[in-house]
Amino acid sequence: MSENRETHMLTGAYALGAVDDIEAAKVRELLRTSPEAAAEVRLFTETAARLGEAEAMEPPPGMRAAVLAEIATTRQAPTVLAPKRASGNRFARLVSVAAAGLLVVAVGAGATALDFRDRMSEAQQANQATTQANEAMIEVLADPGRQLLDAEFAGGHATLVVSGDRVVVLGTDVEAPPEGKAYQLWMIPPTEGAAPIPSVTLTATGDGGFWGDTGGYAVGQALAVTVEPVGGSQQPTSDLVFVAGA
Amino acid sequence: MAVVVPFSSDRRRRGSVSVQTEAAEPVLSEDERLVALMQRTARGDQDAFAEIYDALSGPVYGLVRRVLRDPAQSQEVAQEVMVEIWRQATRFDSAKGSVKGYVLTVAHRRAIDRVRSAQSSTDREMRVGRSSVERDYDQVSEAVEHKMEVQQVRRALGVLTTLQREAVQLAYYGGYTHREVSDLLGVPLGTIKTRLRDGLIRLRDEMGVGGT
């Protein structure tokens, strides 16, 4: 039975909130590619909402005033990234950013949570870095608004998950950087000619795994990795190993 | 190419179209009214949000309370949900479903997150045992002004097989995963997955949930 079909059988459990985070991520990936499953889940979700609505109760007195007071001082979230086909302009801009002294090596497509999990289980080392990477990945994958990006990464593969301003990068089967060097993440603003913003260096988890977890991402930025001296640089000193996104 | 672009002008365009619709066409369905209110909320309109609060805080609080049971905790979570709706209004996409569906999904997710994170599984087994399914099914909640909906849901649940109904109720109201439902009911996992799905298909058809 195909994996999609297996996942499709989870649509009911998904709409009822009865799946774990990894399963939820698998279903969401399916929904991106299968209009049929998406339509089904949409109606299931509305159906589940009816079950919820039937439980309506008068909220406690004071709740309304408390909520309205809180929202008056609560900033609204910025509009989320949505995965779409590259427009010519957008891609041209990205290339021109990259061409300003940097080389685009590869941008892949279609990372799935399943791929991630398969790769994790291969790389599943009983060490702390792997556990941390795993936990961070599961956290961001659980965000319904998160975006998945995918790139070839030094002989292996990188999955990047953007959740709000947080970015989690996981590389698998990646060649180790040269002695004394580390992979470093950069955020590249969409403005032409803008300098890449330095971010974290990636931690090795053993067995070709590299990961990083950071905040500071802003909508529209591309994500890139270079090879830098251990500890990282303020400006890229190598070609891009990969660039993905925005 | 793994390339994403921000929600572009078409989101804004959709917003402005419905504003015009609102002006030209005063008779809106409840769903359309809520969509228009969400769009205003997304632009920071607190009055519009207050109307959303008035329309949906009852269902939100009731659902959270059904899952969590504890009134104080339920109020805390329901408040968080309403504030999250305010924060995330900018990201609501009416093409993906109704406002009510969205808000109750957020409420349900928050409630079960609370159940799953705050309590050990043994604690939960004590809190909601299988016996509560029957009780809950017969129990009429302290409903406010929505007898029709309650009756419709009860009637639809009544059409399900016992296994479908128990599985759906443990999953949705109990906050159990399909694995836990399978353990609780002593039924194979594959069967539970199928029963949750065909149970929802049945409920969807019984309640006439369409593609509006």
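Check the entry above for the structure.
Conventions used here
- Residues numbered from 1 in each chain as written.
- Chains lettered and ligands numbered in written order.
- Predicted model: local features only at pLDDT ≥ 70, side-chain atom pairs only at ≥ 80, totals over all residues.
- Pairing = 2+ DSSP bridges.
- Helix = DSSP H or I, 4+ residues; strand = E, 2+ residues; numbered from the N terminus.
- Axes fitted to C-alpha atoms, helices over the stretch in contact; angles between N-to-C directions.
- Core = buried A, V, L, I, M, F, W, Y, C linked by C-beta atoms within 7 Å.
- Buried ≥ 20, exposed ≤ 12 C-beta atoms within 10 Å, placed from the backbone.
- Contact = placed C-beta atoms within 7 Å.
- Parallel < 35°, antiparallel > 145°, perpendicular 65-115°, else oblique.
- Nonpolar A, V, L, I, M, F, W, Y, C, P; charged D, E, K, R; others polar.

Visitor: Let's hear about the sheet that holds strand S4 (residues 166–172) of chain A: which residues, and what values?
Guide: Strand pairing within a sheet occurs via backbone hydrogen bonds; the two strands may be parallel or antiparallel. All names here are of chain A. The strand order across the open sheet built from five strands is S2-S3-S4-S8-S7, with neighbouring strands paired in antiparallel fashion. Of all strands in the sheet, those with a lone pairing partner are strand S2 (147–153) and strand S7 (203–206), marking the two edges. Taken pair by pair, the neighbouring strands of this sheet meet at an average axis angle of 20 degrees, ignoring direction.

Visitor: I'd like a description of the nonpolar core, backed by residues and values.
Guide: Ranked by size, the top nonpolar core spans 110 residues in total, and within it A:Phe242, B:Val60, B:Val64 and B:Ala171 carry the most contacts. With ten residues, the single largest contributor to this core is helix H3 (residues 46–68) of chain B. Discounting residues that sit within four places of it in the chain, B:Val60 has contacts with B:Ala78, B:Val81, B:Met82, B:Val103, B:Leu104 and B:Ala107.

Visitor: How would you sum up the pairing of strand S8 (residues 209–214) of chain A? Please name residues and give values.
Guide: All names here are of chain A. Among the six residues that make up S8, five are buried, leaving the element largely enclosed by the rest of the structure. Across five bridges, S4 lies against S8 in antiparallel orientation. Bridged to Val 169 within S8 is Gly 212. Note that S7 and S8 share three bridges and pair antiparallel. Looking across to S8, one finds that Gly 206 is bridged to Gly 209. If you look at the hairpin formed by S7 and S8, you'll find two residues sitting between the two strands, and Asp 207 has a positive phi there, around 60 degrees.

Visitor: Quick one: what's the story with the sheet that holds strand S10 (residues 240–244) of chain A, residue by residue and with numbers?
Guide: Residues and elements named next belong to chain A. Across the sheet, four strands lie side by side as S6-S5-S9-S10; this open sheet has antiparallel pairing. The sheet is open, and its two borders are formed by strand S6 (197–201) and S10, each paired with just one other strand. If you compare each strand with its neighbour and ignore which way they point, the axes differ by 30 degrees on average. Across four bridges, strand S9 (residues 222–229) lies against S10 in antiparallel orientation. Looking at the pairing, Thr 226 lines up with Leu 240 of S10.

Visitor: Before we move on, could you go through the environment of B:Glu32 and cite the residues and values that matter?
Guide: Locating B:Glu32 in the fold gives a position in helix H2 (residues 30–42). Residues B:Glu32 and B:Ser98, spaced 66 residues apart in sequence, show a C-alpha to C-alpha distance of 8.6 Å.

Visitor: How would you sum up the packing of helix H4 (residues 35–53) of chain A against helix H11 (residues 189–206) of chain B? Please name residues and give values.
Guide: Packing of H4(A) against H11(B) leaves a shortest axis separation of 9 Å and a crossing angle of 75 degrees. By the angle between their directions, the pair H4(A) and H11(B) is classed as roughly perpendicular. Contacts from A:Leu43, A:Phe44 and A:Thr47 in H4(A) reach B:Leu200, B:Leu203 and B:Arg204 in H11(B). Of the residues in the contact of H4(A) with H11(B), the class split is four nonpolar, one polar and one charged.

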